[in-house]
Amino acid sequence: MSTSDRKTLIADSAIALLGELGARGLTHRAVDARAGLALGSTSFYCRSRIELLSLALNRHAALDLADLEADAARWAGTQPSRDTFVDGLVARIGDWLSPDKRHRLVARFELFLIASREPELAKVVEGLRARFLNGTTAALRILQVPQAEVVAPVLMMTVDAMLFGQVGHQAPVFDALQCRCVLSHILRMGSTAQA
């Protein structure tokens, strides 16, 4: 197994532990056990807890980005419209809320909460969010959403709020129609602010 593959396995195991047991369940020894690695393997690649959390955070962002890139590939070659963008975003939120990705959803907010108390990790979150914000702004500009740079952070915060609102619930808190209405309203926000 290559170093890169081993780090990915460690990061995926850390995300799974965060999602299942929370921050208290994340130890180097627990990651070794979860990943099926020899004792001390995680410590070799991540000497500190912050390094382990940073690895998990970057891996989590890479997984989310891969999902978004797959969505973009599915829409490639179609005429971009706000309706198709909203439909895609509703489907993306639904997928992130699915039972198969629930541990990832919980891990996301565990990582954000830990980062709120760890300045070194907060810098990692800030850098990753800037990357996602730039991508969201670019997508809104393609859709010719007025004031895309104003609308993009509101859109991102709304998606985060929708995901966070679901964390403590097994059944959906809102349906696709409600989600679509909220997201469509946000895309119209730029036109309203411009008037």
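All of these numbers come straight from a predicted model, not from anything done at the bench. Chains are numbered independently. Their residues run from 1 in the order of the written sequence. Given that the model is predicted, a residue must reach a pLDDT of at least 70 before its local features are reported, and side-chain atom pairs must reach 80 or more before they are shown or counted; all residues, however, enter totals for whole chains, interfaces and linings. Excluded from the side-chain calculations are hydrogens and water; all other atoms, namely the structure's heavy atoms, are used.

(A) Up close: helix 8 (residues 148–166). Helix numbers and strand numbers start at the N terminus; a helix is a DSSP run of H or I with at least 4 residues, a strand a run of E with at least 2. Expected helix span is computed as 1.5 Å times (number of residues minus one). Between its terminal C-alpha atoms helix 8 stretches 27 Å, which fits the 27 Å expected from 19 residues at 1.5 Å a residue. When helix 8 is considered as a whole, its buried residues turn out to be Ala-148, Val-151, Ala-152, Leu-155, Met-156, Thr-158, Val-159, Asp-160, Met-162, Leu-163 and Gln-166. Three exposure classes are used, based on accessible area relative to the maximum for each residue type with a 1.4 Å probe and protein chains only: buried under 20%, partly exposed in between, and exposed over 50%.

(B) Looking closely at the packing of aromatic side chains. Stacked, tilted and edge-to-face pairs are distinguished by plane angle, under 30 degrees for stacked and over 60 for edge-to-face with tilted covering the rest, among Phe, Tyr and Trp rings (Trp via its six-membered ring) whose centres lie within 6.5 Å. Following the criterion strictly, the structure yields three aromatic pairs and no others. Ring centres 5.0 Å apart and planes at 90° place the aromatic pair Phe-44 and Tyr-45 in the edge-to-face group. Ring centres of Phe-109 and Phe-164 lie 5.1 Å apart, and the angle between their planes is 70°; on these two criteria the pair is classed as edge-to-face. Here the residue Phe-109 occupies a position in helix 6 (residues 102–115), and Phe-164 occupies one in helix 8, the gap between them amounting to 55 residues. A network of ring pairs unites the aromatic residues Phe-109, Phe-112 and Phe-164 as a single cluster. Here the basic side chain of Arg-108 rests over the ring of Trp-96, its NZ or CZ set 5.1 Å away from the ring centre. Either the NZ atom of lysine or the CZ atom of arginine qualifies as a charge over a ring when it sits within 6 Å of the ring centre and within 35 degrees of the ring normal.

(C) The arrangement of the environment of Gly-36 in detail. Mapped onto the secondary structure, Gly-36 falls in the loop between helix 2 (28–35) and helix 3 (41–45). For Gly-36, a relative accessible area of 63% gives the class exposed. Along the chain, Gly-36 and Leu-9 lie 27 residues apart, while their C-alpha atoms are 9.3 Å from each other.

(D) Representation of unusual backbone geometry within the structure. Phi at Gln-144 takes a positive value of approximately 60°, unusual for a residue other than glycine. Here Gln-144 shows up in the loop between helix 7 (119–142) and helix 8. For Gln-147, which is not glycine, the phi torsion reads 50° and is therefore positive. Its location among the elements puts Gln-147 in the loop between helix 7 and helix 8. Judged by its relative accessible area of 26%, Gln-147 falls in the partly exposed class.

(E) Summary view of the state of the cysteines. Here, a disulfide means two cysteine sulfur atoms that sit within 2.5 Å of each other. Inspection of the entire model under this criterion finds zero disulfides. Looking at Cys-179, it has no disulfide partner, and the nearest cysteine sulfur is the one in Cys-181, 9.4 Å off.

(F) Main features of the nonpolar core. The biggest cluster of nonpolar side chains holds 26 residues, and the ones touching the most others in it are Leu-18, Leu-26, Val-31, Leu-52, Leu-53 and Leu-57. Contributing elements (two or more residues each) for this core: helix 1 (3–21), helix 2, helix 4 (49–75), helix 6 and helix 7. The element best represented in this core is helix 4, accounting for seven residues. Filtering out sequence-adjacent residues up to four positions away, Leu-18 remains in contact with Ala-23, Leu-26, Leu-53, Val-106, Ala-107, Glu-110, Leu-111 and Ile-114. Throughout, nonpolar core names a set of buried Ala, Val, Leu, Ile, Met, Phe, Trp, Tyr and Cys residues whose side chains join them through atoms within 4.5 Å. Residue contacts are counted whenever heavy atoms from the two residues lie within 4.5 Å of one another.

(G) The packing of helix 4 against helix 6, seen in detail. To define axes, lines are fitted to C-alpha atoms, for helices over the stretch in contact only, and angles between the resulting N-to-C directions are given on a 0 to 180 degree scale. Helix 6 packs onto helix 4 with a crossing angle of 135° between their chain directions and a minimal axis gap of 11 Å. Judged by the inter-axis angle, helix 4 sits oblique to helix 6. Between helix 4 and helix 6 lies a crossing of left-handed hand. Of helix 6, the residues touching helix 4 (which contributes Leu-53, Ala-56, Leu-57, His-60, Leu-63, Asp-64 and Asp-67) are Arg-104, Ala-107, Arg-108, Leu-111 and Ile-114. Of the residues in the contact of helix 4 with helix 6, the class split is seven nonpolar, one polar and four charged. Note that the term roughly parallel is reserved for angles under 35 degrees, roughly antiparallel for angles over 145, roughly perpendicular for angles of 65 to 115, and oblique for everything else. Crossing handedness is defined as follows: a turn of the near helix away from the far one that is anticlockwise and smaller than a right angle gives a left-handed crossing, while the clockwise case is right-handed. Lys, Arg, Asp and Glu make up the charged group, whereas Ala, Val, Leu, Ile, Met, Phe, Trp, Tyr, Cys and Pro make up the nonpolar group; the residues left over, Gly among them, are polar.

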